[in-house]
Amino acid sequence: MAHQGSFETDGKVLEALPNTLFRVELEDGSIVVCHLSGKMRMHFIKILPGDRVKLEMTPYDPGKGRITFRYR
């Protein structure tokens with residue numbers, strides 16, 4: 001469930017960066033830098049390049065996002 005004022009979209013992880021940051025390509029072809037949500041860190045969910053993920057983004061900064069779900 002997205003926070004108020006944000007929207008969800010899907011993407012594919014291109015690259016893993018330091019400090020749990022990831023470069024993700026969205027469905028429309030744009031590339032954003034995302035970090036893991038707290039629940040994903042708490043439950044030790046691993047993200048690898050090539051994984052499909054669900055992102056949460058705000059309309060204020062289209063270059064950043066938060067990964068909230070990893071598809072199987």
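Structure report, in brief. Quick caveat, the model's predicted, so the values are computed rather than measured.

### Overview of the sheet that holds strand S5 (residues 64–70)
Reading around the barrel, the five strands line up as S1-S2-S3-S5-S4 and close back on themselves, with mixed pairing between neighbours. Pairwise comparison of adjacent strand axes, ignoring direction, gives a mean angle of 55° for this sheet. Sheet analysis places strand S1 (residues 7–17) next to strand S2 (residues 21–26), joined by six bridges and oriented antiparallel. Counted as the bridge partner of Ala16 is Phe22 from S2.

### Overview of the nonpolar core
Inside soluble globular proteins, nonpolar side chains tend to come together where they are buried. Ranked by size, the top nonpolar core spans 13 residues in total, and within it Phe22, Val24, Val32, Ile47, Val53, Leu55 and Ile67 carry the most contacts. Those residues in contact with Ile47 that sit more than four places away from it in its chain are Val13, Phe22, Leu36, Met40, Val53 and Arg70.

### Details of the pairing of strand S4 (residues 52–57)
Two strands pair when backbone bridges link them, and S1 and S4 are joined in this way by six bridges, in the antiparallel orientation. Bridge pairing in S4 links Gly11 to Val53. Taken together, the four bridges between S4 and S5 define a ladder with antiparallel strand orientation. Of the residues in S5, the one forming a bridge with Glu56 is Arg66. Between S4 and S5, which pair antiparallel and follow one another directly, the connecting turn spans six residues.

### Things to note about unusual backbone geometry
For Asn19, which is not glycine, the phi dihedral falls at a positive 60°. Using a relative accessible area of 69% as the deciding quantity, one classes Asn19 as exposed. At Thr20, a residue that is not glycine, the phi angle is positive and equals roughly 55°. The topology assignment puts Thr20 in the loop between S1 and S2. With a relative accessible area of 29%, Thr20 lands in the partly exposed category.

### Focus on the packing of aromatic side chains
Following the criterion strictly, the structure yields one aromatic pair and no others. With a centroid separation of 5.2 Å and an interplanar angle of 75°, the aromatic rings of Phe69 and Tyr71 are classed as edge-to-face. With relative accessibility at 40%, the residue Phe69 sits in the partly exposed group. On the basis of relative accessibility, which here comes to 22%, the residue Tyr71 falls in the partly exposed class. The ring of Tyr71 has Arg52 lying over it, and the distance from NZ or CZ to the ring centre is 4.7 Å.

Each value, and the rule that gives it
- Residues numbered from 1 in each chain as written.
- Predicted model: local features only at pLDDT ≥ 70, side-chain atom pairs only at ≥ 80, totals over all residues.
- Heavy atoms only, no water.
- Pairing = 2+ DSSP bridges.
- Helix = DSSP H or I, 4+ residues; strand = E, 2+ residues; numbered from the N terminus.
- Axes fitted to C-alpha atoms, helices over the stretch in contact; angles between N-to-C directions.
- Core = buried A, V, L, I, M, F, W, Y, C linked by side-chain atoms within 4.5 Å.
- Buried < 20%, exposed > 50% of the residue type's maximum accessible area, 1.4 Å probe, protein only.
- Contact = heavy atoms within 4.5 Å.
- Phe/Tyr/Trp six-rings, centres within 6.5 Å; stacked < 30°, edge-to-face > 60°.
- Lys NZ or Arg CZ within 6 Å of the ring centre and 35° of its normal.

Keep in mind these numbers describe shape, not what the thing actually does.
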